[in-house]
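Structural description and commentary
Spelled out from the first residue to the last, the chains are:
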Amino acid sequence: GTGNVTATFVGSDAGDTDLVGMLVNVTSANLTAQMTSLISSGDFYLDNHASSPGATAVLGSANAGNTLVFVLQNQATGKYILSDSTLNDIWNGLSGGTEYVSTTYTGLGTLPAGTYVGFEDLLPSEGSDFDRNDLEFVFQNITPRDPNVGSVPEPTTVVAGALLLLPFGVSTLRILRNRKLASR
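To start, this report covers the structure provided alongside it. (Residues numbered from 1 in each chain as written. Predicted model: local features only at pLDDT ≥ 70, side-chain atom pairs only at ≥ 80, totals over all residues. Heavy atoms only, no water.)

Here the focus is the overall build of the protein. Secondary structure assignment for the protein yields 3 helices and 8 strands. Ordered by position in the sequence, the α and β elements of the protein form the string β-β-α-β-β-β-α-β-β-β-α. Counting every position in the protein, which comprises 184 residues, the buried fraction comes to 38%. When contacts within the protein are restricted to residue pairs at least 6 apart in sequence, those whose partners lie at least 24 apart make up 70%. A total accessible area of about 9,500 Å² is found for the protein, and carbon and sulfur atoms account for 54% of it. (Helix = DSSP H or I, 4+ residues; strand = E, 2+ residues; numbered from the N terminus. Buried < 20%, exposed > 50% of the residue type's maximum accessible area, 1.4 Å probe, protein only. Contact = heavy atoms within 4.5 Å. Areas by Shrake-Rupley, 256 points an atom, 1.4 Å probe, with all protein chains shown as cover.)

For helix H2 (residues 85-92), every residue scored as buried is listed here: Leu87, Asn88, Asp89 and Asn92. Regarding H2, its N-cap is Asp84, as a side-chain oxygen of that residue lies 3.1 Å from the backbone nitrogen of Thr86 further along. Gly93 lies just past H2 and shows a positive phi near 65°. (Polar contact = N/O pair within 3.5 Å; in protein donor to acceptor, adjacent residues only side chain to side chain.)

Positive phi is not limited to glycine here, since Phe130 has a value of about 60°. Relative to the helices and strands, Phe130 resides in the loop between strand S7 (114-119) and strand S8 (135-140).

Core analysis: the biggest nonpolar cluster contains 20 residues, and Val20, Leu59, Phe70, Phe119, Leu135, Phe137 and Phe139 have the highest contact counts within it. When contributions to this core are tallied by element, the ones reaching two or more residues are strand S1 (2-11), strand S2 (18-24), strand S3 (56-63), strand S4 (68-74), S7 and S8. (Core = buried A, V, L, I, M, F, W, Y, C linked by side-chain atoms within 4.5 Å.)

For the structure on display, the rule yields 4 aromatic pairs. Aromatic side chains Phe44 and Tyr80 sit 5.7 Å apart centroid to centroid with 40° between the ring planes, which places their arrangement in the tilted category. Taken together, the residues span a long stretch of sequence, with Phe44 in the loop between helix H1 (31-41) and S3 and Tyr80 in strand S5 (residues 79-82) at a distance of 36 residues. The two residues Phe44 and Tyr80 agree in class, both being buried. Between Phe70 and Phe139, the ring centres sit 3.7 Å apart and the planes meet at 10°, which makes this aromatic pair stacked. Within this pair, whereas Phe70 is found in strand S4, its partner Phe139 is found in strand S8, the two being separated by 69 residues in sequence. Among the residues examined, Phe70 registers a relative accessible area of 4% and is labelled buried. By relative accessible area, which is 0% here, Phe139 ends up buried. Through a chain of ring-to-ring contacts, the aromatic side chains of Phe9, Phe70, Phe137 and Phe139 assemble into a single cluster. (Phe/Tyr/Trp six-rings, centres within 6.5 Å; stacked < 30°, edge-to-face > 60°.)

Following this line, the structure appears as structure tokens:
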């Protein structure tokens, strides 16, 4: 069937400002034309410094059987990182780089089930730390070709850990506030 591809922002550990876009049925033969069209359209969404976890954006429409490639736009470096290693190497003049990871994600809280993709926003020549958590999304309405590409902790681990620590942070703030009020 046909449907919208939705990206849900999970988080970001990047200092640079990054956004995400999408290409449909891109190949090495039409890569330049598709990237030029995407860049000129400005169809990039979910700024990693302005978006909250759970924020969503519709990246476009796709049909069953289409091949999708997600594109990270790093506004500081002016580079674009593609979620297809071969196309990323062609676009960025690399050899053997994998600047993203992908896995099936079951969902938690405001984060829906879908395909988790974590990007690295720097190329190896730019001092990449290869942590692939600079821009993280869960994409809905897609079926990965290979859901076992790479491995990273699922966002459930990060979110669950943060949720477990939240009461302690709130309690500490409450205690400090009460001490400050009592000392007046």
